[in-house]
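Examining the three-dimensional arrangement
As a plain string of letters, each chain reads:
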Amino acid sequence: MEEIEIAGQLMLPFGGGVVMMDYVIWQNRCWLVPIWLEPIAGGQIRPLRLIAPRMASGYAAPPGPELLQMFQQMPLPESVYQQGHIPAEFANLVVVVENPQVFRTTA
């Protein structure tokens, strides 16, 4: 497993309101972390899933969080954040990595 750090937070529309959501840098790109799992041994927590915009074939995602800001104008359904279900109309727009092999250490 690979250790990661929280790189920052974004304010995103969620349900009928707005939430602050962590993002991390993993594999040279930014990913949203909607849910952290409870701490495991040694004070480590893991993301349930990571979410990022899908890039066109042959294009690499820029390393900064600017691309994640598209989710502020194009809200994702709650199911993408909470259950990992991707509605057909969003399948070509987002990448969801379930149970990524990453963790962060809590203080």
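Residues numbered from 1 in each chain as written. Predicted model: local features only at pLDDT ≥ 70, side-chain atom pairs only at ≥ 80, totals over all residues. Heavy atoms only, no water.

**What to know about the overall build of the protein chain**
Scanning the protein chain from N- to C-terminus turns up two helices and eight strands. Listing each helix as α and each strand as β along the protein chain from the N terminus yields β-β-β-β-β-β-α-α-β-β. Its C-alpha atoms put the protein chain at 40 × 35 × 20 Å along the principal axes. Within the protein chain, buried positions represent 37% of all 107 residues. In the protein chain, of all internal contacts separated by at least 6 residues, the share reaching a separation of at least 24 is 53%. In the form shown here, the protein chain has an accessible surface area of approximately 6,000 Å², with 54% of it arising from carbon and sulfur atoms. (Helix = DSSP H or I, 4+ residues; strand = E, 2+ residues; numbered from the N terminus. Buried < 20%, exposed > 50% of the residue type's maximum accessible area, 1.4 Å probe, protein only. Contact = heavy atoms within 4.5 Å. Areas by Shrake-Rupley, 256 points an atom, 1.4 Å probe, with all protein chains shown as cover.)

**Notes on the nonpolar core**
With 15 residues, the main nonpolar core has Leu-12, Leu-32, Ile-51, Leu-68, Phe-71, Leu-76 and Tyr-81 as its most contacted residues. If you list the elements that add at least two residues to this core, you get strand E2 (6–14), strand E3 (17–26), strand E4 (29–33), helix H2 (78–82) and strand E7 (94–98). In terms of nonpolar packing, the next biggest core, distinct from the first, is built from eleven residues, Trp-31, Val-33, Val-95 and Val-102 among them. (Core = buried A, V, L, I, M, F, W, Y, C linked by side-chain atoms within 4.5 Å.)

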